[in-house]
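Chain by chain, the residues run as shown.
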Amino acid sequence: MNIFDTASVWAERLMADGALDAAVEAELEAWLQADPQHQAALNACLELEGMIDAAHGSDWADGLIAATEAELTADEAPGRPAWIVPAVIGMAAMLALAIALPVWTGMLGGDRPTDIDGAVQVAALETYSTARGDRQEIALPDGSVMTLNTGSRVTTAFATDERRVVLEAGEALFEVSHDPSRPFIVEAGGHEVRAVGTAFNVYSRDDGRTVVTVVEGLVQTRIESGPASAALLRAGDQVELVPGEPAPEPARVDVVAATAWRQGRLVFDGRRLSEVVSEFRRYNDLDIAFADGQLGELQISGSFDPSDSEAFLAALSATESLRIERVGDGIRIHASEGNIQP
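Since the model is a prediction, treat every value here as computed from it, not as a measurement. (Residues numbered from 1 in each chain as written. Predicted model: local features only at pLDDT ≥ 70, side-chain atom pairs only at ≥ 80, totals over all residues. Heavy atoms only, no water.)

For helix H8 (residues 273-281), the complete set of buried residues consists of Leu273, Ser274, Val276, Val277, Glu279 and Phe280. On its buried side, H8 packs onto strand E8 (199-204), strand E14 (266-272), strand E15 (288-290), strand E16 (299-304), helix H9 (309-317) and strand E17 (322-327). (Buried < 20%, exposed > 50% of the residue type's maximum accessible area, 1.4 Å probe, protein only. Helix = DSSP H or I, 4+ residues; strand = E, 2+ residues; numbered from the N terminus. Contact = heavy atoms within 4.5 Å.)

See the structure below:
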């Protein structure tokens, strides 16, 4: 079996099963680690699977897939190894749809009826939110646990065939209960994040970007509407998603630091001061301005309590580079001596 045959089998399994047990996940991880091309092949097959999933509910697409599978099944060569059949049939059906989809995309329209749409329509909707500076841990009806960070708002729609969460603002960490029959999908910033494993963090930033960090297991990301660009992320991976664009190559991060907010900490390792200040503003009304825009480029490292702005300012003033000035209710940050180079 070549790598695309194997990748197509894994893609179909990931899309259908939602979550993998530890043994199967270890098998997939070993296959991905064996060759860098395996990851690229799997991402390509996930993208094609996404096209099929997006097109289901349209008569022409379902007919094309069924016809391709029937033709290949009827033409099955005697003596062909059994494991080849599902891989070849699945791959061929995906390729046939991929070729036809651009031509027929207009037939789908923006209001195409899909199984997902139907599931959401009959699902019970619940909305959860947190105020600035608050955190909340929520037990969801399926046994999953959702922890909301400061200033966050989500809507959940749990139905018999899927579990869907819309992250409208803020940040949430999801510890997903295993249920292969109901995929767990988070919508944020024009992307879908689908739980293939167990735990992941989604941060919808004010600038429209969405940061996804995988804590445990596997997560699939794809663009929400239209033919999807899919990517598979593993534990320790983080991606910054831009609306309407495919997922970039993931970066490896310290997930403990990335999710330290659950313990009431913000951990930075060489982050720009302007970004650090922006993070603090999510938790309080801290009014900070820079006397020189260059100061925002300074690299900051440390662990801070986001609710204790005084301790944060004291840490800044303790550096040799910065001086803190209080102006009314605001804070102004100056270079302590002369001009500094970031």
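Another point: the pairing of E8. Counting buried positions along E8 gives 6 out of 6 residues, so the element sits mostly inside the fold. Residues Ala199, Asn201 and Tyr203 of E8 are buried on one face, and the alternating residues Phe200, Val202 and Ser204, pointing to the opposite face, are buried as well. Pairing geometry for E8 and strand E9 (residues 210-216), over 6 bridges, is antiparallel. In the sheet register, Val202 faces E9, and the bridge partner there is Val212. In textbook terms, the turn of a hairpin is the stretch between consecutive antiparallel strands, and for E8 and E9 this stretch comprises 5 residues, one of which, Gly208, has a positive phi near 95°. (Pairing = 2+ DSSP bridges.)

To continue, consider the packing of aromatic side chains. A full pass over the atoms with the stated rule returns 7 aromatic pairs. On the numbers, 6.0 Å between centres and 70° between planes, the contact of Phe280 with Phe304 is edge-to-face. Within this pair, whereas Phe280 is found in helix H8, its partner Phe304 is found in strand E16, the two being separated by 24 residues in sequence. When sorted by exposure, Phe280 lands in the same class as Phe304, which is buried. When the centroid spacing of 5.3 Å and the interplanar angle of 85° are considered together, the rings of Phe304 and Phe312 count as edge-to-face. Given the relative accessible area of 0%, Phe312 is considered buried. What links up through ring pairs into an aromatic cluster is the set Phe158, Phe174, Phe184 and Phe200. (Phe/Tyr/Trp six-rings, centres within 6.5 Å; stacked < 30°, edge-to-face > 60°.)

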